[in-house]
Amino acid sequence: MDFFETVDKRRSTRAFQEKEVDIKTIKQILDAVNLAPSAGGLQAYRISVVKSKKTKEELMLACLDQESVAQASVVFIFSADKKQSEAKYEARGYELYAVQDATIAAAYCQLAATALGLSSVWVGAFDPLEVSRLISAEPEEVPVAVIPVGYAAGMPGRTGRKQLKALVREV
Ligand SMILES: Cc1cc2nc3c(=O)[nH]c(=O)nc-3n(C[C@H](O)[C@H](O)[C@H](O)COP(=O)(O)O)c2cc1C
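None of these values were measured; they are calculated from a predicted model. (Residues numbered from 1 in each chain as written. Predicted model: local features only at pLDDT ≥ 70, side-chain atom pairs only at ≥ 80, totals over all residues. Heavy atoms only, no water.)

1. Describing the state of the cysteines
Enumeration over the complete set of coordinates arrives at zero disulfides. Between Cys-63, a cysteine without a disulfide, and Cys-109, which holds the nearest cysteine sulfur, the sulfur-to-sulfur distance is 14 Å. (Disulfide = S-S within 2.5 Å.)

Written as C-alpha cells, this is what we have:
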C-alpha cells in the first residue's frame, strides 16, 4: 500500500473479527516499528505483545472496560523507558524523549498494521499502575499507549478534522 493511502485508510477501529493475526504479520509490524526514529537512536521504549485471552481480558479492565482491547487478536503496549533516556539526556530525556520515542513507535505500529490490511485503535485511557503490573514493567517504565490490532468487523467512517488554518501558523 502506498504511504498516503495507508495514512488515509487508518481509522480507529473498536470492533474486531475473531480471525487471528499470524506471527509472521506481527513480526512485520514489529520490524516496521523498529525503524522508527528515536532520540539519540536510544529506542528508549519497550513493546509488550499480548496474545493471551486471559491477559487481554485483564488488560481490558485496566483500560476502563474498553472491549476493543479484549476483542483484538493482539495488543501492543508501548512503554517509555525513562531511566534509559535520562542516562543520556537527563531531565529532557526523562520527561520528554522517552515518551516521544514510545509515541512514535506506537504510531508506526498503527500505520504498519494498516498497510498490512489490519486495523487498530490507540487506547490512552487506562490505569497506568494496573497496565504496568500486567506487563511486568520495570521501575520507571511508563506505559504510553495500548494498541489493539486485528481484522476490522466493519470499517468505521472518517472522523472530522480541524481546518489546516486552525492548526498551521506561518512564522
Ligand atoms: C493520545 C490518544 C488517546 C486515545 N485514547 C483512546 C481511548 O482510550 N479509546 C478509544 O477508543 N480511542 C482513543 N483514541 C483514539 C481517538 O479517539 C481517535 O484517534 C480520534 O477520535 C480520531 O479518529 P481516527 O483515529 O479514526 O482518525 C486515542 C487517540 C490518541 C491519539
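2. Digging into the site of the ligand
The local shell around the ligand consists of Arg-10, Arg-11, Ser-12, Arg-14, Gln-66, Val-121, Trp-122, Val-123, Gly-124, Ala-125, Thr-159 and Arg-161. Gly-124 places a main-chain nitrogen or oxygen 3.0 Å from a nitrogen atom of the ligand. Taken together, the residues of the shell around the ligand break down into four nonpolar, four polar and four charged. (Near = heavy atom within 4 Å. Polar contact = N/O pair within 3.5 Å; in protein donor to acceptor, adjacent residues only side chain to side chain. Nonpolar A, V, L, I, M, F, W, Y, C, P; charged D, E, K, R; others polar.)

3. Observations regarding the packing of helix α2 (residues 23–33) against helix α5 (residues 82–115)
The interhelical angle for the contact between α2 and α5, taken along N-to-C directions, is 135°, at an axis separation of 8 Å. Judged by the angle between their axes, α2 and α5 are oblique. Here the hand of the crossing between α2 and α5 comes out right-handed. Across from Ile-29, Ala-32 and Val-33 in α2, the residues of α5 making contact are Ala-105, Tyr-108, Cys-109, Ala-112 and Ala-113. Broken down by class, the residue content of the contact of α2 with α5 amounts to eight nonpolar, no polar and no charged. (Axes fitted to C-alpha atoms, helices over the stretch in contact; angles between N-to-C directions. Helix = DSSP H or I, 4+ residues; strand = E, 2+ residues; numbered from the N terminus. Parallel < 35°, antiparallel > 145°, perpendicular 65-115°, else oblique. Left-handed = near helix turned anticlockwise from the far one by under 90°. Contact = heavy atoms within 4.5 Å.)

4. Regarding helix α3 (residues 53–62)
For α3, every residue scored as buried is listed here: Lys-56, Leu-59, Met-60 and Ala-62. The arc enclosing the buried residues of α3, seen along the axis, measures out at 155°, which places them on a common side. For α3, the exposed residues set more than 90 degrees away from the buried face come down to Lys-53, Lys-54 and Leu-61. (Buried < 20%, exposed > 50% of the residue type's maximum accessible area, 1.4 Å probe, protein only. Arc of directions from axis to C-beta.)

5. Examining the nonpolar core
The nonpolar side chains of a soluble globular protein tend to be buried with one another. Ranked by internal contacts, the top residues of the largest apolar core, which has 23 residues, are Ile-29, Phe-76, Phe-78, Ile-147 and Val-149. Counting only elements with at least two residues in this core, the list comes to α2, β2 (74–81), α5 and β4 (141–150). Broken down by element, the residue count for this core peaks at seven residues, all from α5. Discounting chain neighbours no more than four positions away, the residues touching Val-149 are Phe-16, Val-21, Ile-29, Ala-72, Ser-73, Val-74, Phe-76, Ala-113, Leu-118, Ser-119 and Ser-120. (Core = buried A, V, L, I, M, F, W, Y, C linked by side-chain atoms within 4.5 Å.)

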